[in-house]
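So the chains spell out like this:
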Amino acid sequence: MKASNNDFSIHVATVNGSGSQTANTTLMRAVFQMGVPVSGKNLFPSNIAGLPTWFTIRVSERGYLARTRRNDVLVAMNPETSVEDIASMGPGSILLLNEGVPAPKIPGDRVVYKVPFNKLVEPLVPDAKLRKLVVNMIYVGVVSHLLGIDFEEVDHALTAQLGRKPKALDMNRAAVKLGAEYATEHLKPAPFRVERRNKTADKVLIEGNQAGALGALFGGVTFLSWYPITPSSSLAESLQGYLERYRRDPKTGEATFAVVQAEDEIAAIGMVLGASWTGARAMTTTSGPGLSLMTEFTGFAYYAEIPAVIWDIQRVGPSTGLPTRTSQADLPIILLPATVEDCYTFGMRAFDLAERFQTPVFVLSDLDIGMNTWMSDPFQYPDKPWDRGKILTAEDLAKTAKFERYRDLDGDGIPYRTLPGTDHPLAGYFTRGSGHDEQALYTENPDTYKRVMDRLAAKYETARVAVPPPVIDRTKGAEIGILGFGSSHWAILEARDRLAADGLTTSYLLLKALPFTKEVKSFLESMKVIYVVEQNRDAQVKALLTMEYPELATKLRSILHYDGLPIDAQSIVDQVQEREREGVLSR
């Protein structure tokens, strides 16, 4: 069998709650420390511990980070899914089986290694409950030997995770060593190998939710209210940890922030609006049905013009749907992070936009970005002051003859506001979510209502030059364009390379925000055909583009993916090539 170096995936099948996350992260980080780009995707159940879970490590010297259809190395530790897991592995793959697990008839073109994991761990860990956790480190040692992963890097990665727990570190280190010794004595190296490179220098590994939390911290957040819901909970938990560490008075130790776990999502968004109305930078996190519950308060914030930041970590719906699968189906002002660096940057920028435009701003991440591990350049320390928008101080009011809360004075659709506690007699006003005029006085007059709605539309138009523009990669001579957003970005990058290898060159627009900016229309006009890639059933972004640019709608083609698994490059390649063949035949 021909060896494949630094270009394969490792698929580990275990059970939820077995402690395999530490083992899998150790393997992934060890490869990363050897200078080879990696990414990690965790496929886990939405129910209780004991159900199947899978973790896939993509090893790619070329830096491809998206999911692949093919898994090259299987570690089958779960008897409940072993038959299906083994059967799904293709020709040339490697199967590392826990001795005694059920297995179908395995074709001869697979490489099979059987290891008595349970017997190996028994003398090392007398306690049966603890043994179920430590056994995973046996396969770390075995896999490291088979794939040529440096044991010093494995130990370094393990120490990074368990260094504060000396007893746990020693026990797990012994398990890794035991697995490596067994593999050295009984197993031949595999045809898939990790070879040291220098392609991860100065890079970091981080999850999108962690990056978003860090960005929110630098963005000045002081109030967080949330209700636990997968896959957004880890963003709130990460942010709370950062706030506890960095937002306490250095002299008294008192918190300079507030975090509230609300009784439900309705209360959570209501608290955000109350805190934001008083001048705090406030946010919440949610997903799926939680976002639905926030709709009424969000509408109130839009009409009463109260800033708010809402992180929606998208998952599969409708309703409760598949809580631990990824999607792009929740399509005001919306930011669309495609990378963990975007999560960090938009974590800051969302507050600036919310306060500048006095409106809710949604950050639409998804489970794939938020809860999986990505490689990234280090984040840049912010170098610009916060944009608090049009806030009038007492000094400003002293120079003003009249203050009307909802009056547009300069044509951008954005009125001025004051904060509670401003020491001036003109500062007070009513905040109305019902019909109101420029002075915030109640009215149901049709002409007045129309004026307010027209002004809100003007504010949305102003936002077109304030939101992040798309990133465009033009290929000379290309008549075919691809438009994508969010986590689809990584599969698109790889798909473009594959299409180019087959003679089909493309240009690419990575959408970063709504409303659409002028660059979007220019890109659509310059292409003969545009494939819009999105992970939902209904082609929601294509529909928005069609409504915005009806004269260009005939150019748009949909590439859809909505089975709940992260989109892969081959799915894009197959659909583009099929549509191109159809186009040639129709011509």
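Residues numbered from 1 in each chain as written. Predicted model: local features only at pLDDT ≥ 70, side-chain atom pairs only at ≥ 80, totals over all residues. Heavy atoms only, no water.

1. Structural notes on the packing of helix H7 (residues 208-218) against helix H12 (residues 340-357)
Each pair of packed helices can be described by the angle between their axes along with the distance between the axes. Look at H7 against H12: their axes get within 7 Å of each other, and the N-to-C directions meet at 30°. Considering the angle they form, H7 stands roughly parallel to H12. Considering how the two elements wind past one another, H7 and H12 form a crossing that is right-handed. Residues Gly208, Ala211, Gly212, Leu214, Gly215, Ala216 and Phe218 of H7 form the contact with H12, whose participating residues are Val340, Cys343, Tyr344, Gly347, Met348 and Phe351. In terms of residue class, the contact of H7 with H12 is made up of nine nonpolar, four polar and no charged. (Axes fitted to C-alpha atoms, helices over the stretch in contact; angles between N-to-C directions. Helix = DSSP H or I, 4+ residues; strand = E, 2+ residues; numbered from the N terminus. Parallel < 35°, antiparallel > 145°, perpendicular 65-115°, else oblique. Left-handed = near helix turned anticlockwise from the far one by under 90°. Contact = heavy atoms within 4.5 Å. Nonpolar A, V, L, I, M, F, W, Y, C, P; charged D, E, K, R; others polar.)

2. Some remarks on unusual backbone geometry
The amide bond that connects Thr230 to the next residue, Pro231, takes the cis arrangement and shows omega of 10°. Its location among the elements puts Pro231 in the loop between strand S10 (223-226) and helix H8 (233-246). Cis geometry is found at the peptide bond from Leu514 to Pro515, where omega equals 10°. Examined against the element boundaries, Pro515 turns out to sit in the loop between strand S21 (513-514) and helix H17 (518-526). Despite not being glycine, Gln358 has its phi angle at roughly 50°, a positive value. By secondary structure assignment, the location of Gln358 is in the loop between H12 and strand S16 (360-366).

3. Overview of helix H1 (residues 20-33)
For H1, which comprises 14 residues, the first-to-last C-alpha distance of 20 Å matches the rise-based estimate of 20 Å (1.5 Å per residue) to within 8%. The element H1 is extensively covered by neighbouring structure, given that ten of its 14 residues are classed as buried. Of all the positions in H1, only Ser20, Ala23, Asn24, Thr25, Thr26, Leu27, Met28, Ala30, Val31 and Phe32 are classed as buried. Gly35 sits one or two residues past H1 and shows a positive phi near 85°. (Expected span 1.5 Å × (residues − 1). Buried < 20%, exposed > 50% of the residue type's maximum accessible area, 1.4 Å probe, protein only.)

4. Considerations on the pattern of salt bridges
The final tally for this structure, using the stated rule, is 37 salt bridges. Between Glu494 and Arg498 there is a salt bridge, with its nearest N and O atoms 2.7 Å apart. Here Glu494 and its partner Arg498 are both found in helix H16 (residues 488-501), four residues apart, which amounts to about one turn of the helix. The class for Glu494 is buried, based on a relative accessible area of 2%. Since its relative accessible area comes to 30%, Arg498 is described here as partly exposed. Overlapping salt bridges bring together Arg281, Asp352, Glu355, Arg388 and Arg417 as one network. (Salt bridge = Lys/Arg side-chain N within 4 Å of Asp/Glu carboxyl O.)

5. Section: the sheet that holds strand S20 (residues 506-511)
Strand order in the open sheet formed by five strands is S18-S20-S19-S22-S23, with mixed pairing between adjacent strands. The sheet is open, and its two edges are formed by strand S18 (471-473) and strand S23 (556-560), each paired on a single side. Pairwise comparison of adjacent strand axes, ignoring direction, gives a mean angle of 20° for this sheet. Seen against the sheet, H17 touches S18, strand S19 (480-485), S20, strand S22 (529-534) and S23 and runs at an angle of roughly 160° to S20. Packed onto the sheet, helix H18 (residues 540-548) meets S19, S20, S22 and S23 and runs at close to 135° relative to S22. (Pairing = 2+ DSSP bridges.)

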